[in-house]
Amino acid sequence: MRLGKCMQIGLLAAGMMAAQATAQVAIQPTEISQQDVEQVQSSLQVKNRVSALHQYYDSSEFALLETHLSSLPPLQQEAVRSQLIDHAIDYADNPDGLDQAKADWLEAQTGRMPVFNVVEQGDGYLVTKSAFHYGAKARSLVIRWQQQLLAQQMVDQAEEGGLQLSQWLTGDIQTQTTRRDIFLAQLPQLSQTAVDALAEQFTSDSKLLWLPDNAVIAAVAAASDDEGVYHLLWRRRSDQYSLAELNRLAALAPQPNATKQLMAATINPTLKLQAYRALITLKPLPVAARDFLSDKLSEVDDGELVATELARSGYLDWLEQLASVSRSQVLQKNFRSAVAKLP
């Protein structure tokens, strides 16, 4: 059975268990003091019972576990449940630390209504809160496990050539963000063949143009060094992810591929200044960058910007030489403007 279907069935079962648990304790919570909570949590009877019940959790014998729990007085039962969740968190570090049965039981704990509340006195106000907070801990553990399953599913699909990013990255904003982060975390472990196949999707699947940010595009561009993906990245509206990739490339320059992409990034209105500066600060200027900047000096759009940055970076003599032999009035104008801006 595929993981996705298993998760759906498991979550359905967990929902039923949670509903049952909620129905069982849907009563008005009893108010107790924080001291009562601490005393029952530290009591030898509770600790011994928790130790005895570990075996049922570890072996996923939850019918027996619930039978033993239901035989306890309510306050002790809540304390034992709380400490069993702590045990589940520790046990999850084992290779077989969490499976669908355990996830179902943990999910059911998140649906239990508070049996006991603690009232705290504030500065002129009272705060009522649940005496035992195991539900949130259980939910966090289940979410982490589900994301681990999703991550492994993503890797398997990518290696098999079946991961369609435009479908996998869809959903509401929270789902998109979660899947984006999972993808970014798993991308480094993918084979180059899988990475190249994913890169090809960015030039063949128009649906990927509508990604909400540049995180995935920048990561795939860096992993694949694919010119088509980089071209898409520089054409999109810039954000923290495209800027981070530009900075990474600047740190790699004057490596040829990095230098090439710094030149390509100058088509982006927001990134162009940093891209030009990253190129101009290379000492010595690579031949490709030197020719590129020389050609830019004759352009109306970026020529003045390039001339100004070159003049400020100590290339005034070179600019003067180019202006003296060039017939381009645009270049000569840009040179004069750059000189006028010098202190």
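So, here is what we can say about the structure in this document.

Procedures and definitions
- Residues numbered from 1 in each chain as written.
- Predicted model: local features only at pLDDT ≥ 70, side-chain atom pairs only at ≥ 80, totals over all residues.
- Heavy atoms only, no water.
- Helix = DSSP H or I, 4+ residues; strand = E, 2+ residues; numbered from the N terminus.
- Buried < 20%, exposed > 50% of the residue type's maximum accessible area, 1.4 Å probe, protein only.
- Phe/Tyr/Trp six-rings, centres within 6.5 Å; stacked < 30°, edge-to-face > 60°.
- Lys NZ or Arg CZ within 6 Å of the ring centre and 35° of its normal.
- Salt bridge = Lys/Arg side-chain N within 4 Å of Asp/Glu carboxyl O.
- Pairing = 2+ DSSP bridges.

Further remarks concern unusual backbone geometry. Residue Pro254 is reached from Ala253 by a cis peptide bond, and omega for that bond is 15°. Within the secondary structure layout, Pro254 lies in the loop between helix H13 (240-252) and helix H14 (256-264). The residue after Lys283, namely Pro284, is reached through a cis peptide bond having omega -5°. In this model, Ser60 sits at a positive phi of 60°, which is unusual for a non-glycine residue. Here Ser60 lies in the loop between helix H3 (44-58) and helix H4 (62-70). Phi at Asp225 takes a positive value of approximately 55°, unusual for a residue other than glycine. Examined against the element boundaries, Asp225 turns out to sit in the loop between helix H11 (215-224) and helix H12 (227-235). Residue Asp225 is classed as partly exposed on the basis of its relative accessible area of 35%.

Tallied over the full model, the rule gives 7 aromatic pairs. Ring plane angle 75° and centroid distance 5.7 Å describe the contact between Tyr57 and Phe62, whose orientation is recorded as edge-to-face. Residue classification places Tyr57 among the buried positions, given a relative accessible area of 0%. Here Phe62 falls in the buried class, since its relative accessible area comes to 10%. With centroids separated by 5.9 Å and ring planes inclined at 65°, the aromatic side chains of Tyr57 and Trp105 adopt a geometry described as edge-to-face. Residue Tyr57 is located in helix H3, and its partner Trp105 is located in helix H6 (residues 100-110); the two are separated by 48 residues in the primary sequence. For the pair Tyr57 and Trp105, a shared accessibility class is recorded, and that class is buried. Ring pairing ties together the aromatic residues Tyr57, Phe62, Tyr91 and Trp105, which thus form one cluster. In this arrangement the basic side chain of Lys102 is found over the ring face of Tyr57, its NZ or CZ atom lying 5.5 Å from the centre. The ring of Trp168 carries Arg179 above its face, with NZ or CZ at 5.0 Å from the centroid.

This part is about the pattern of salt bridges. Any two side chains of opposite charge can pair, on the condition that their charged atoms come close. Enumeration over the complete set of coordinates arrives at 15 salt bridges. Two residues, Glu120 and Lys129, come together in a salt bridge whose shortest N-O distance is 2.8 Å. Between Glu309 and Arg312 there is a salt bridge; the shortest N-O distance is 3.7 Å. With Glu309 and Arg312 both in helix H17 (residues 303-312), this residue pair falls 3 residues apart, about one helical turn. Judged by relative accessible area, which is 8%, Glu309 ranks as buried.

Right, let's talk about the pairing of strand E3 (residues 126-130) for a bit. As paired strands, strand E2 (residues 116-121) and E3 are joined by 5 bridges and run antiparallel to one another. Counted as the bridge partner of Val119 is Thr128 from E3. Linking E2 to E3, which pair antiparallel, is a turn of 4 residues; within it Gly124 sits at a positive phi near 85°.

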